[in-house]
Amino acid sequence: MGRPTTKTDLLEAASNTYKELMEFIDSMTEKELATPFDFEGQSSKKEAHWKRDKNLRDVLVHLYEWHQLSLNWVRA
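Predicted model only: the values in this text are computed from it and were never measured.

Q: Got a minute to help me understand the overall build of the chain in this structure?
A: Secondary structure summary: the chain contains 4 helices and 0 strands in total. For the chain, the succession of helices and strands along the chain, N to C, is α-α-α-α. Taken across its 76 residues, the chain has 8% of its residues classed as buried. A total of about 7,000 Å² of accessible surface is found on the chain, and carbon and sulfur atoms cover 59% of it.

The following block contains the structure:
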């Protein structure tokens, strides 16, 4: 599917992408899920999120909070 051009297409694409993400996460081992990110030796990684998002859980919580902000903005 190309870039969504209707609301229906956008919702379908979002649903499919979310399903793919969940399937990928479900396929990961406990060790993979718990492994911290390693940015040692990457001096270009100085932005705040490189220090804040230390593992997959942190990234997913960050994305969840952004989604909540977006939904609240749309409701307002």
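Q: Can you help me understand helix α4 (residues 56-75) in this one?
A: Because the α-helix completes a turn every 3.6 residues, residues three or four places apart line up on one side. End to end, α4 covers 29 Å across 20 residues, agreeing with the expected 28 Å (1.5 Å per residue, within 8%). The opening residue of α4, the one whose side-chain oxygen lies 3.1 Å from the backbone nitrogen of Arg57, is Asn55.

Q: Sorry, what's going on with the side chain of Asn55 here?
A: Among the secondary structure elements, Asn55 is positioned in the loop between α3 (48-52) and α4. The buried category is assigned to Asn55, whose relative accessible area is 12%. At 3.1 Å, the side chain of Asn55 forms a polar contact with the backbone nitrogen of Arg57. With near-sequence residues (within four places) excluded, Asn55 lies in contact with Thr35, Pro36 and Phe37.

Q: Would you mind going over the pattern of salt bridges with me for this structure?
A: Working definition: two side chains of opposite charge can pair if their charged atoms are close together. Counted by the stated rule, this structure contains 1 salt bridge. For Asp58, the salt bridge goes to Arg57, with nearest N and O atoms at 3.4 Å. Assessed through its relative accessible area of 55%, Arg57 is described here as exposed.

Q: I'm lost on helix α1 (residues 7-26) in this one. Help?
A: A rise of 1.5 Å per residue sets the reference length of α1, with its 20 residues, at 28 Å; its end C-alpha atoms lie 28 Å apart and thus fit the reference within 8%. By the criterion of burial, α1 is predominantly exposed, with just 2 of the 20 residues buried.

Conventions we followed
Each chain carries its own residue numbering, running from 1 in the direction its sequence is written. For this predicted model, a pLDDT threshold of at least 70 governs which residues receive local features, and a threshold of 80 or more governs which side-chain atom pairs are given and counted, while totals over whole chains, interfaces and linings are taken from all residues. Water and hydrogen atoms were dropped before computing side-chain values, which therefore reflect all heavy atoms in the structure. Comment: elements are numbered from the N terminus, with helices defined as DSSP H or I runs of at least four residues and strands as E runs of at least two. Between buried and exposed lies partly exposed: a residue is buried under 20% and exposed over 50% of the maximum accessible area for its type, with that area taken using a 1.4 Å probe on protein chains only. A 1.4 Å probe and the Shrake-Rupley method give the accessible areas. Residues count as covered only by the protein chains that appear here. To estimate the expected span of a helix, count its residues, drop one, and scale the result by 1.5 Å. Think of a polar contact as two N or O atoms within 3.5 Å of one another; within protein, one of them needs to be a possible hydrogen donor and the other a possible acceptor, and neighboring residues in sequence only count if both atoms come from side chains. A contact between two residues is defined here by any heavy atoms of the two lying within 4.5 Å. Here, a salt bridge means any side-chain nitrogen of Lys or Arg that lies within 4 Å of a carboxyl oxygen of Asp or Glu.

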